[in-house]
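For reference, the chains in residue letters:
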Amino acid sequence: MELSEDGLVAAIRTVLSGETSGVIVGLGDDAAVVEPGTGSSVLTTDLLVDGVHFERGSTSARDLGAKAIAVNVSDIAAMGASPRYALASLALPSDIEAAWVVELYGGMRAACDEYALALVGGDLSRAERLVISVMVLGEVSRGHAVTREGARAGDAIVVTGSLGAAAAGLALSRAPAPVLLAALSAGWARELLDALARPAARVGEGVTLAQCGATAMMDLSDGVAKDLSRLCIASGVGARVRLADVPIPEAVRAAAAALAVDPLDLAISGGEDYELLATIAPTEVDGARERLRDRFGLALTRVGDIVEGQGLVAVDAHGAESTMEPKGWDHFAG
């Protein structure tokens, strides 16, 4: 690396410089000093590990920095909260140059600006593998955090946006070169690769769903089947999912055809969409849908219902029922 640790920290401070509301002492001291808000604090942390969550050779430093922030902000959004402050720590192998690290922080800075978030500190260390650890502190009005535990029988199950794009992008990135080149020539591949590289955290959307009475909510990082199962277990309920209603974009269907896979598998079990999964009273769905469309230009789709009991049931277009296995990303699955 071209710079010493102190030199690298100075370069990072330059990238992150600027006045930020509520920050008394920012990056560069032993610890940050911030002014807490009047609501409840919401904290989350996430790791991105080279070879597990991303492949450095096929990911730009700027995209990776933005994604490291967004996936944490997404957890804050899933509580109906707003992000305020972040810490970012890096474990860096010896072959990474200082310019790459500065570009990574440029991506972090861009994402922080997008989400009105202040990056106020962190740490740097040597390691054999690149690891990015981010912690985000958010804020929500007292008593208004939306958890996974509030779903009730009779609630509607809704998702924001569409599903499967990131999983399709990952599959395309790993496909043989002729398949990827053909997909890029067709014009739909870039949408999927961008969904994988630069996910969006639905902060305003999460606040809006909370205001509309969402009873439970989480972000879709590991796929509908896995994450809805977790929500149902936390709430002590079951769910029925109408497969024909799962919102799958045309680009995902095109990728599935090119890769000879089921587009529904990409949408249900692929993960990394970072859309919001929520439960809400059926009478509130139309109002929430209109508010998300008018404020953010984003679709809200009802995909099923919460029921008494336990487990997930999939209902196909013909009304046939089957057990929906909680398949999805699991770090520790065999």
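For the structure, check the block above.
Let us look at the structure shown here. A quick note: this is a predicted structure, and the numbers were derived from the prediction, not measured.

Attention now moves to the overall build of the protein. Across its full length, the protein holds 11 helices and 13 strands. C-alpha atoms of the protein, sized along the principal axes, occupy 65 × 55 × 40 Å. Relative to its full complement of 334 residues, the protein shows a buried share of 46%. Of all intrachain contacts in the protein linking residues separated by at least 6 positions in sequence, the fraction that spans at least 24 positions is 84%. By element, 50% of the accessible surface of the protein is carried by carbon and sulfur atoms, the whole surface being about 15,400 Å². Across the protein, 26 positive and 45 negative side-chain charges occur, with their mean positions spaced 3 Å apart.

Bridge count between strand β9 (residues 238–242) and strand β11 (residues 300–307): 4 bridges; the pairing is antiparallel. Residue pairing in the sheet places A239 in a bridge with I306 of β11. Direction of pairing for β9 relative to strand β12 (residues 311–315): parallel, over a ladder of 5 bridges. Following the sheet pairing, V241 is matched in β12 by A314.

Let us now look at the environment of R56. With respect to the helices and strands, R56 occurs in the loop between β3 (40–49) and α2 (61–77). Side chain to side chain, R56 and D95 meet in a polar contact 3.2 Å long.

Here β12 pairs with strand β13 (residues 321–323) via 3 bridges, running antiparallel. Counted as the bridge partner of A314 is S322 from β13. With antiparallel pairing between neighbouring strands as the criterion, β12 and β13 make up a hairpin whose turn holds 5 residues, including G319 at a positive phi of roughly 90°.

Procedures and definitions
- Every residue gets a number counted from 1 within its own chain, in the order that chain's sequence is written.
- Predicted model: local features are reported for residues with pLDDT of at least 70 only, side-chain atom pairs are reported and counted for 80 or more only, and whole-chain, interface and lining totals are derived from all residues.
- Side-chain numbers come from the whole structure's heavy atoms, not from hydrogens or water.
- Helix and strand definitions here come from DSSP, where helices need a minimum of 4 consecutive H or I residues and strands a minimum of 2 consecutive E residues; each element is numbered from the N-terminal end.
- A 1.4 Å probe rolled over the protein chains alone gives each residue an accessible area, and that area as a share of the maximum for its type sets the label: buried under 20%, exposed over 50%, partly exposed in between.
- In this analysis, two residues are considered to be in contact whenever any of their non-hydrogen atoms come within 4.5 Å of each other.
- All accessible-area figures derive from a Shrake-Rupley calculation using a 1.4 Å probe, and residue coverage is judged against the displayed protein chains alone.
- The charge count includes Lys and Arg as positive and Asp and Glu as negative, but it does not include His or the ends of the chains.
- Each charge is placed at NZ for Lys, CZ for Arg, CG for Asp and CD for Glu.
- DSSP-based pairing: two strands are paired if at least 2 bridges between them are found.
- Between N or O atoms, a polar contact is any pair within 3.5 Å; within protein, one atom must be a potential hydrogen donor and the other a potential acceptor, and residues adjacent in sequence are included only when both atoms are from side chains.

Nothing here speaks to function; it is geometry throughout.
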